[in-house]
Amino acid sequence: MTQSKHFDVFLSHSHTDALWVEELARRLEDEAKLHVWLDKWVLVPGGQWQQELARALDQANSCAVCIGEHTPMGWCREEMERALNRQTKDSSFRVIPVLLPGAKKEYVDNFLELRTWVDFSKNDPAYAFHLLVSGIKGQPPGRWPPH
């Protein structure tokens, strides 16, 4: 069972994008000093992972829904729907659509597209990372590049 903890961000993603998202998670922890919930880092083998996913979404301040080259399906879609539902009850909870390299905008859910996006597929990767960190922290990104 996942210990009761606070997370800055829950990373929701398709397993086809797992390597890219894990590298992003490393950067968020190492460079931005954020506490990241990533399934393969937190879930204990043999545990009840569905309940742990739900609990982690409840313990996070934000959810980054990472969308790659394929339409989010399966548990990724379930996580996204739960995150959007939580946001309707808690306006401080942020749901951040994150387009990964190779993503297509048409893969973004109708409700998810109403949020401000972070686009690693078109933006400068350093700027996209800066936007994501700002979104996770709930802060305006300010001018770019910072001086």
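Here, every reference points to the structure presented above.
Residue positions are given per chain, counted from 1 along the sequence in the order it is written. Two thresholds apply to this predicted model, a pLDDT of at least 70 for residue-level local features and 80 or more for giving and counting side-chain atom pairs, whereas whole-chain, interface and lining totals are computed over all residues. Computation of side-chain values covers all heavy atoms of the structure but excludes hydrogens and water.

**Description of the overall build of the protein**
In this description a helix means any DSSP run of H or I spanning at least four residues, a strand means any run of E spanning at least two, and both kinds are numbered starting from the N terminus. Of the regular secondary structure elements, the protein holds 5 helices and 5 strands. We call two residues contacting when some pair of their heavy atoms lies within 4.5 Å. Long-range contacts, defined as pairs at least 24 residues apart, comprise 65% of the intrachain contacts of the protein with a sequence gap of at least 6. Exposure was quantified through the Shrake-Rupley algorithm and a 1.4 Å probe, taking into account, for residues, occlusion by the shown protein chains and nothing else. As displayed, the protein has an accessible area near 8,200 Å², and 52% of this comes from carbon and sulfur atoms.

**Considering the environment of Leu38**
Along the polypeptide, Leu38 turns up in the loop between β2 (36–37) and α2 (39–42). As for Leu38 and His13, which are separated by 25 residues in sequence, their C-alpha atoms are 9.2 Å apart.

**Side note on the nonpolar core**
Counting 23 residues, the largest nonpolar core has Leu11, Leu28, Val98, Val118, Phe120 and Leu132 as the members making the most contacts within it. Breaking this core down by element, the ones donating at least two residues are β1 (9–12), α1 (18–30), β3 (62–67), β4 (94–99) and α5 (125–137). Per element, the largest residue contribution to this core is 6 residues, and it comes from α5. Contacts of Leu132, omitting those with residues within four sequence positions, involve Leu24, Leu28, Ala64, Ile96, Val98, Val118 and Phe120. By size, the runner-up hydrophobic cluster in this structure holds 18 residues, among which are Phe7, Leu53, Ala60 and Leu84. Here, nonpolar core means buried Ala, Val, Leu, Ile, Met, Phe, Trp, Tyr and Cys residues that are tied together by side-chain atoms lying within 4.5 Å of each other. Here's how the labels work: a residue is buried when its accessible area is under 20% of the maximum for its type, exposed when over 50%, partly exposed in between, all with a 1.4 Å probe on protein chains only.

**Here's the deal with the sheet that holds β2**
Pairing between two strands requires that DSSP report at least two bridges joining them. Here 5 strands make up an open sheet; going across it, the order is β2-β1-β3-β4-β5 and the pairing parallel. At either margin of the open sheet sits one strand with a lone partner, and together these are β2 and β5 (118–119). Bridge count for β1 against β2 is 2 bridges, and the pairing is parallel. By the bridge assignment, Phe10 is partnered in β2 with Trp37. Only C-alpha atoms enter the line fits that serve as axes; for helices the fit covers just the stretch in contact. Angles between N-to-C directions range over 0 to 180 degrees. Against the sheet, α1 engages β1, β2 and β3, with an angle of about 165 degrees to β1.

**Quick notes on unusual backbone geometry**
Note that the residue after Trp144, namely Pro145, is joined by a cis bond; omega there is -10 degrees. One can find Pro145 in the segment after α5. The backbone of Lys33 sits at a positive phi, close to 60 degrees, despite the residue not being glycine. As for its placement among the helices and strands, Lys33 is situated in the loop between α1 and β2.

**Considerations on the side chain of Gln87**
Here Gln87 shows up in helix α4 (residues 75–89). In protein, a polar contact requires one atom able to donate a hydrogen and another able to accept it; more generally it is a pair of N or O atoms within 3.5 Å, and residues adjacent in sequence count only if both atoms are side-chain atoms. In terms of polar contacts, Gln87 uses its side chain to reach the backbone carbonyl oxygen of Phe93, at 3.0 Å. If we ignore the near neighbours within four places in the chain, the residues touching Gln87 are Phe93, Arg94, Val95 and Arg115.

**So, the pairing of β1**
Burial along β1 is two-sided: the residues Val9 and Leu11 and Phe10 and Ser12 are all buried. Crossover handedness is defined here as right-handed if the route from the first strand over the helix to the second strand goes clockwise, with the strands pointing away from the viewer. On the question of chirality, the crossover connecting β1 to the parallel β2 by way of α1 is right-handed. Relative to β3, β1 is paired through 3 bridges, and the arrangement is parallel. Among the inter-strand pairings, Phe10 is bridged to a residue of β3, identified as Cys63.

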